[in-house]
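Structural overview
If you want the building blocks of each chain, they are given just below.
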Amino acid sequence: ILALGLLTSQYSLLGYDASAHMIEETKNADWSGPMGIISSVALSTTFGWIFLVALTSIVTDIPYLLSPDNDAGGYAVAQALYAAFDRRYGSGVGGLVCVGVVAVGVFFAGAMCIASNSRMGYAFSRDRAMPLSRVWLRVSKNEVPLNVVWLSVVVAFVMALTSLGSQVAFQAMVSIATLGQYIAYALPIFFRVTTARRSFVPGPFHLGRYGVAVGWAAVLWVAFLTVLFSLPVAYPVAKDNFNYTPVAVGGVLLLSVGAWVVNARFWFQGPITNVDL
């Protein structure tokens, strides 16, 4: 239970790579970028811990919270917040306000995802690493890659629609996306502490002699999370509650490595330089 409970916090400790996406547009990027990432981790950890402690303290009668006959129609978080304020103040309005705050946070998280996906899609297209790269590479007169922005919006909208038909499918996609991000974070760290251990040139912000130890701790932590995210979410395991995360993530990794071995390694030369150094 403790191990699976860790996943609750890991869902929220994401998105700090937005600092990396915006780093080229900041002053003193080699220093302000890492500081932005560290600040976002610290803020997410602090406020996320406060929120999770408050939320878990009011989750008492789980069968009732999940019952479709309650006031929230089976939405456990909304019902827990509503019931907590109703017991304390005689009105559930405060719970509705809290749900509204969560909804606003989710909206901004979605906007952040679309922005990050658009920037990555444009970068991959610029390096000719995406299918139909010429389409997604086009920019408007305001130098905005509108095509890839709308691609991100449509994909996000279609993925969200699955929640209307199957919560299992939607939760599986959330787990897949979360695990995929953690793996993406861990791979550069893994190569930094292995193949590039001697050739890596640190910038002005680095951990010194502790860097390798911290790097290995991060890699092992992500490996541990990978196992947790791949465990069944309910027993007995059936097609309606099967965790498809390891299948999907493994499939993406297999296709990516296969595409590299068969095709991409013969023509992909890395990021294309568009400025004179």
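Predicted model only: the values in this text are computed from it and were never measured.

Okay, the overall build of the protein chain next. For the protein chain, the count of helices and strands is 11 helices and 0 strands. Of the regular secondary structure in the protein chain, the N- to C-terminal order runs α-α-α-α-α-α-α-α-α-α-α. Burial analysis of the protein chain (277 residues in total) assigns 22% to the buried set. Put simply, 52% of the contacts in the protein chain that link residues at least 6 apart link residues at least 24 apart. In the structure as shown, the protein chain presents an accessible area of about 19000 Å², 71% of it carried by carbon and sulfur atoms. If the 15 positive side-chain charges of the protein chain are averaged to one point and the 12 negative ones to another, these points end up 12 Å apart.

Once that is clear, we can look at the packing of aromatic side chains. In total, this model carries 7 aromatic pairs according to the counting rule given. Plain terms: the ring middles of W31 and F205 are 5.2 Å apart, the flat faces sit at 70° to each other, and that makes the pair edge-to-face. A residue pair is termed long-range when its members are at least 10 positions apart, and W31 in helix α3 (residues 29-58) and F205 in the loop between α9 (167-193) and α10 (211-230) qualify at 174 residues. Overall, the relative accessible area of 43% leaves W31 in the partly exposed class. Both rings, one in W221 and one in F224, keep their centres 5.7 Å apart while their planes meet at 45°; by these two values the pair is tilted. Pair noted here: W221 and F224 are both in helix α10, with a separation of 3 residues, about one helical turn. When the ring centre of Y89 is taken as origin, the NZ or CZ atom of R88, which lies over that ring, is 5.1 Å away.

Further remarks concern a nonpolar patch on the surface. Where nonpolar side chains cluster on the molecular surface, the patch consists of L43, F47, W49, I50 and V53 and spans about 570 Å² of accessible area. Inspection of the secondary structure assignment puts W49 in helix α3.

Turning next to the UniProt feature "transmembrane region" (unreviewed entry) in the protein chain. According to UniProt, the feature "transmembrane region" (unreviewed entry) maps to residues 37-59, 93-115, 144-162, 168-191, 212-235 and 247-268 in the numbering used here. Annotated as 100% helix and 0% strand, the span residues 168-191 places its first and last C-alpha atoms 34 Å apart. The distance from the first to the last C-alpha atom of residues 212-235 is 40 Å, and the span holds 79% helix and 0% strand.

What follows is about the confidence of the model for the protein chain. Predicted confidence across the protein chain gives a mean pLDDT of 82, with 96% of residues reaching 70 or more. Mean pLDDT across the elements of the protein chain bottoms out in helix α2 (residues 18-22) (71) and peaks in α10 (88).

With 13 residues, the main nonpolar core has L179, Y182, L225 and F229 as its most contacted residues. Looking at this core, the element that brings in the most residues is α9, giving 5 residues. With 6 residues, the next largest nonpolar core counts L55, I58, L65 and A84 among its residues.

Moving on: the environment of L65. For L65, the location among the structural elements is in helix α4 (residues 62-66). Expressed as a C-alpha distance, the spacing of L65 and L253, which sit 188 residues apart in the sequence, is 38 Å. The residues contacting L65, other than those within four sequence positions of it, are V59, T60, N70, G74, Y75, A76, Q79 and A80.

Another point: the packing of helix α6 (residues 93-126) against helix α8 (residues 146-165). For the pair α6 and α8, interaxial distance at closest approach is 8 Å and the crossing angle is 130°. By the angle between their directions, the pair α6 and α8 is classed as oblique. α8 is crossed by α6, and the crossing has right-handed handedness. Where α6 approaches α8, its residues I114, N117, S118, G121 and Y122 are matched on the opposing element by V148, V149, S152 and V153. Tallied by class, the residues present in the contact of α6 with α8 amount to 5 nonpolar, 4 polar and no charged.

As a further point, take helix α5 (residues 76-89). Under the 1.5 Å per step criterion, the end-to-end length of α5 is 20 Å for 14 residues, consistent within 8% with the ideal 20 Å. Along α5, the residues that are buried comprise Q79, A80, L81, A83 and A84. Next to the buried residues of α5 lie α3, α4 and α6. At the exit of α5 stands G90, carrying a positive phi of roughly 80°.

With that settled, the discussion passes to the side chain of S152. Structurally, S152 is set in helix α8. Not counting residues within four places of it along the chain, the set of residues in contact with S152 comprises I114, N117 and S118.

Cut-offs and rules
- Residues numbered from 1 in each chain as written.
- Predicted model: local features only at pLDDT ≥ 70, side-chain atom pairs only at ≥ 80, totals over all residues.
- Heavy atoms only, no water.
- Helix = DSSP H or I, 4+ residues; strand = E, 2+ residues; numbered from the N terminus.
- Buried < 20%, exposed > 50% of the residue type's maximum accessible area, 1.4 Å probe, protein only.
- Contact = heavy atoms within 4.5 Å.
- Areas by Shrake-Rupley, 256 points an atom, 1.4 Å probe, with all protein chains shown as cover.
- Lys, Arg positive; Asp, Glu negative; His and termini not counted.
- Charge placed at Lys NZ, Arg CZ, Asp CG, Glu CD.
- Phe/Tyr/Trp six-rings, centres within 6.5 Å; stacked < 30°, edge-to-face > 60°.
- Lys NZ or Arg CZ within 6 Å of the ring centre and 35° of its normal.
- Patch = residues over 30% accessible without salt bridge, like charges linked within 9 Å, V, L, I, M, F, W, Y side chains within 5 Å.
- Salt bridge = Lys/Arg side-chain N within 4 Å of Asp/Glu carboxyl O.
- UniProt positions renumbered as here; feature names shortened; annotations may be inferred.
- pLDDT = per-residue confidence, 0-100.
- Core = buried A, V, L, I, M, F, W, Y, C linked by side-chain atoms within 4.5 Å.
- Axes fitted to C-alpha atoms, helices over the stretch in contact; angles between N-to-C directions.
- Parallel < 35°, antiparallel > 145°, perpendicular 65-115°, else oblique.
- Left-handed = near helix turned anticlockwise from the far one by under 90°.
- Nonpolar A, V, L, I, M, F, W, Y, C, P; charged D, E, K, R; others polar.
- Expected span 1.5 Å × (residues − 1).

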